[in-house]
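Structural characterization, general
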Amino acid sequence: MNAHLGSAVLASAAALKLQPVAPGMSENHRLRLFSGSANLQLSQEVARYLGMDLGPMIRKRFADGELYVQIQESIRGCDVYLLQPSCQPVNDHLMELLIMIDACRRASARQITAVLPYYGYARADRKTAGRESITAKLVANLITQAGANRVLAMDLHAAQIQGYFDIPFDHVYGSPVLLDYLVSKQLHDIVVVSPDVGGVARARAFAKKLDDAPLAIIDKRRQAHNVAEVLNVIGDVKGKTAVLVDDMIDTGGTIAEGAKLLREEGARQVYACATHAVFSPPAMERLSGGLFEEVIVTNTIPIPESNRFPELVVLSVANLLGETIWRIHEDTSVSSMFR
């Protein structure tokens, strides 16, 4: 470099108070984590795991209910992770996520990852009758068109939803957290139970991690949305500790009826495990009252005190999500976490 030109550059840098970036630090400074309003506590736990603070952001509503989001720091050239489950109120939280993505895109973020611990609208993943919408695909389109470069989600209701996205998609599971807790309880004579035929693959994978525990299936017929009629149990549960495994508990009808049937078939104890505690009314009444020894869920969705009951156990997935975010940021394997 020309000596005079070099001096001019250094003088300009001094005038602007530019500081040299320490080796190895620039990439870490590129990582930014922001939280929507859906589950701030989980986001704070994830931030603590990563050893950082949540990014400052203004969230407010106009008088007519419209949402407003403004990022309060420069994210130009940064890898931004936006943590927001699309739980109740689903439409508000989904719209807030889309606005956050758009704000980051317009702020010149290098990469935007939408982190959805709970992916709402996932139950309509295909057409089962004429003139239906496939909302799982619609939400995928909205997130992509808003400007997300990558999606991280936990325990999708249907695994094929990953294919609805034309951007990279990381699908992680809450089962390691649930399994660690069950193992710590040192239960005996466990049989893992799928509450329906559609959940057999999930239950089988769960049973394999519990020393290849036997598997049972509840045969049910669904008459309408959120209404299930349980018929019989396929498998031996008599005198055993039955562990019902599902991805979510919404109104609790399926899992409560399944527990009643397991009791009738002679199960000694009944535990329920699910990643997402949606808990729409009348879930509280169905799940409490001694039907289960414990109802074990994670904190992908915030559970207010009004929805808690003595049998409820809430486990945190913050470390799991934090480790996944770090591995994505460092371009290392995510799938190896679950082997």
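These figures come from a predicted structure and were not determined experimentally.

A word on the nonpolar core
Residues Val46, Val192, Phe206 and Ile325 are the most contacted members of the largest nonpolar core, which totals 39 residues. With 5 residues, helix α10 (residues 318-329) is the single largest residue contributor to this core. Aside from chain neighbours lying at most four places away, what touches Ile325 is Leu31, Leu33, Val46, Leu50, Tyr81, Val115 and Leu152. Formed by 36 residues, the second largest nonpolar core is a distinct cluster that contains Ile71, Leu94, Ile101 and Tyr164.

Concerning the sheet that holds strand β4 (residues 79-83)
Taken together, 5 strands build an open sheet; the order of strands is β1-β4-β5-β6-β7 and the sheet is parallel. Two strands in the sheet have a free side with no partner beyond their single neighbour: β1 (31-35) and β7 (169-172). Strand-to-strand twist across the sheet, computed as the mean angle between neighbouring axes with direction ignored, equals 20°. With 5 bridges joining them, β4 and strand β5 (residues 111-116) adopt parallel strand pairing. Within β5, the position partnered with Asp79 by the bridge is Gln111. Its contacts with the sheet put helix α4 (residues 90-106) on β1, β4 and β5, and the angle it makes with β5 is roughly 165°.

Overview of unusual backbone geometry
Cis geometry is found at the peptide bond from Gln88 to Pro89, where omega equals -10°. Tracing the chain through its elements places Pro89 in the loop between β4 and α4. Pro282 follows Pro281 through a cis peptide bond whose omega is 5°. Its location among the elements puts Pro282 in the loop between β12 (269-277) and α9 (283-287). Not every positive phi belongs to a glycine, and Tyr121 is a case in point at roughly 60°.

Focus: the environment of Ile328
Within the secondary structure, Ile328 is located in helix α10. Remark: the alpha-carbon pair of Ile328 and Arg150, spanning 178 residues in sequence, is separated by 9.9 Å. Not counting residues within four places of it along the chain, the set of residues in contact with Ile328 comprises Tyr81, Arg150, Leu152, Asp170 and Val334.

A word on α4
Over its 17 residues, α4 runs 25 Å from end to end, which matches the ideal 24 Å to within 8%, given 1.5 Å per residue. Within α4, the full set of buried residues consists of His93, Leu94, Glu96, Leu97, Leu98, Met100, Ile101, Ala103 and Cys104. On its buried face, α4 is in contact with β1, β2 (57-61), β3 (67-71), β4, β5 and α5 (135-146). Of the residues one or two after α4, Ser108 is the one with positive phi, at around 65°.

Let's talk about the confidence of the model for the protein
Taken residue by residue, the protein gives an average pLDDT of 90. The fraction at 70 or more is 88%. Segment residues 1-27 is flagged for pLDDT under 50; beyond a separation of four residues in sequence, or across chains, it makes 5 contacts in the model.

Observations regarding helix α8 (residues 253-264)
One full turn of an α-helix is made of 3.6 residues, so residues set three or four places apart face in the same direction. The end-to-end C-alpha distance of α8 is 17 Å, a good match for the 16 Å that 12 residues give at a rise of 1.5 Å each. Listing the buried residues of α8 in full gives Gly253, Thr254, Ile255, Ala256, Gly258, Ala259, Leu261 and Leu262.

Things to note about the packing of aromatic side chains
Under the counting rule described, the total for this entry stands at 5 aromatic pairs. Centroid distance Tyr119 to Phe165: 6.2 Å. Interplanar angle 75°. Geometry classified as edge-to-face. Here Phe165 lies in the loop between β6 (150-154) and β7 and Tyr119 lies in the loop between β5 and α5, a separation of 46 residues in the sequence. Note on Phe165: relative accessible area 6%, which makes it buried. Ring pairing ties together the aromatic residues Tyr119, Phe165 and Phe169, which thus form one cluster. Taking NZ or CZ as reference, Lys60 lies 5.1 Å from the ring centre of Tyr68, over its face.

Observations concerning the pairing of strand β8 (residues 190-194)
Each regular strand shows side chains that alternate between the opposite faces of the sheet. Within β8, 5 of the 5 residues are buried, which leaves the element mostly enclosed by the surrounding structure. Burial along β8 is two-sided: the face carrying Ile190, Val192 and Ser194 and the face carrying Val191 and Val193 are both buried. Here β8 runs beside strand β11 (residues 241-249); their pairing, made up of 4 bridges, is parallel. Each residue of the ladder has a partner; that of Ile190, found in β11, is Thr241.

Procedures and definitions
Residues numbered from 1 in each chain as written. Predicted model: local features only at pLDDT ≥ 70, side-chain atom pairs only at ≥ 80, totals over all residues. Heavy atoms only, no water. Core = buried A, V, L, I, M, F, W, Y, C linked by side-chain atoms within 4.5 Å. Buried < 20%, exposed > 50% of the residue type's maximum accessible area, 1.4 Å probe, protein only. Helix = DSSP H or I, 4+ residues; strand = E, 2+ residues; numbered from the N terminus. Contact = heavy atoms within 4.5 Å. Pairing = 2+ DSSP bridges. Axes fitted to C-alpha atoms, helices over the stretch in contact; angles between N-to-C directions. Expected span 1.5 Å × (residues − 1). pLDDT = per-residue confidence, 0-100. Phe/Tyr/Trp six-rings, centres within 6.5 Å; stacked < 30°, edge-to-face > 60°. Lys NZ or Arg CZ within 6 Å of the ring centre and 35° of its normal.

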